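Listed below are the residues making up each chain.
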Amino acid sequence: GVHYCATCDGRFYKKRTVAVVGSTVKAVHDARYLSELCEKVFVVSAEPVAGLPENCECVIGEPAELVGAPLSGLKVNAGGRYITLPVTGVFVARGFEPNSGLLRGRLELDKKGFVITDRNMKTSAPYVYAAGDIVSKPFRQAVQLLIMPRPESQHVEQAVYRRIAGFQIPSVNGKPHGKRPAGG
């Protein structure tokens, strides 16, 4: 498979061969981490990468094609000649730019284009919330939404109920608060 988080998904590739694509500090960090789990790690980079562990090999080139389903290789354009690396996992570590062009001028963004939210995921626009990889914060994993504690994620749910129905759902401790609809 193709992954973007070596520390999250690397354990699925114990004693296997994988590739890390990128030449960033993150790519080197991911390669070192994966080298402790995997039999072999190829680092596919446009430039030489130094300081890699023994079971890591730097391949100068650009990824061209994923081979097989399930994944059995990564075809790399190495200066006009194509080679296929025998890998079952590919970890992309090329840096990250948010795809937030549509939001410019509509929501407050940081210098890099990530959406700024408060601790309740509220953006600068009323009734607009953001979560996951588009949010301005140190760790951007979509999986955070799945593991977010219920009380924290409940702010979004409560705001939607207040807006649509004019009342607030009961709090986590079960005590009702806010207006209730007639007959409710």
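You'll find the structure just up there.
Owing to the predicted nature of the structure, the values given are computational and were not obtained by experimental measurement. Numbering of residues begins from 1 in every chain and follows the order in which that chain's sequence is written. Given that the model is predicted, a residue must reach a pLDDT of at least 70 before its local features are reported, and side-chain atom pairs must reach 80 or more before they are shown or counted; all residues, however, enter totals for whole chains, interfaces and linings. Side-chain measures were taken over the full set of non-hydrogen atoms in the model, leaving aside hydrogen atoms and water.

Notes on the packing of aromatic side chains
The relative placement of two aromatic rings is captured by the distance of their centres and the angle of their planes. Definition in use: Stacked, tilted and edge-to-face are the three classes applied to pairs of Phe, Tyr and Trp rings, where Trp contributes its six-membered ring and a pair requires centres within 6.5 Å; stacked means planes under 30 degrees apart, edge-to-face means over 60, and tilted covers the rest. A run of H or I in DSSP counts as a helix once it spans at least four residues, and a run of E counts as a strand once it spans at least two, with each numbered from the N terminus. Remark: exposure states derive from per-residue accessible area (1.4 Å probe, protein chains only) relative to the maximum for the residue type, with buried under 20%, exposed over 50%, and partly exposed in between. A ring has a charge above it when a Lys NZ or an Arg CZ is no more than 6 Å from the ring centre and no more than 35 degrees off the ring normal.
Counting across every chain of the model gives one aromatic pair. Centre to centre, the rings of Y13 and F91 are 5.7 Å apart; their planes meet at 85 degrees, and the pair counts as edge-to-face. Taken together, the positions of Y13 in the loop between helix 1 (6–9) and strand 2 (17–21) and F91 in strand 8 (residues 89–92) put the pair 78 residues apart, joining distant regions of the chain. Taking the relative accessible area as the measure of exposure, F91 reaches 0% and is therefore buried. The side chain of R11 reaches across the aromatic face of F12, ending 4.8 Å from its centre.

Describing unusual backbone geometry
Following A69, the chain continues to P70 via a peptide bond in cis, the omega torsion being 5 degrees. As for its placement among the helices and strands, P70 is situated in the loop between strand 5 (62–67) and strand 6 (73–78). Positive phi, normally seen in glycine, also occurs at Y127, with a value near 60 degrees. Within the secondary structure, Y127 sits in the loop between strand 8 and helix 3 (144–147). Its relative accessible area of 45% is what places Y127 among the partly exposed residues.

What about the state of the cysteines?
To be explicit about the condition: Count a disulfide wherever a pair of cysteine sulfur atoms falls within 2.5 Å.
All told, the structure shown has one disulfide when counted by the stated rule. The partner cysteine of C5 in its disulfide is C8, sulfur to sulfur 2.2 Å. Since a negative S-S torsion denotes a left-handed disulfide, the C5-C8 link at about 65 degrees is right-handed. Judged by its relative accessible area of 26%, C8 is partly exposed. C56 supplies the cysteine sulfur nearest to C58, a cysteine that is in no disulfide, at a spacing of 9.9 Å.

A short note on the nonpolar core
Counted only if it meets this: Here, nonpolar core refers to any group of buried Ala, Val, Leu, Ile, Met, Phe, Trp, Tyr and Cys residues whose side-chain atoms link them within 4.5 Å. Here, residues are in contact when the closest pair of their heavy atoms is within 4.5 Å.
If you look at the biggest cluster of nonpolar residues, it comprises 17 residues, and the most contacted ones within it are V18, V20, A31, L34, C38, V41 and F91. When contributions to this core are tallied by element, the ones reaching two or more residues are strand 2, helix 2 (25–35) and strand 3 (40–45). Counting residues per element, this core draws most heavily on helix 2, at four residues. Every residue in contact with F91, bar those within four places of it in the chain, is listed here: H3, C5, A6, D9, G10, Y13, V18, A19, V20, V21 and L34. Within the second largest apolar cluster, 11 residues are counted, among which are V44, L71, V87 and V90.

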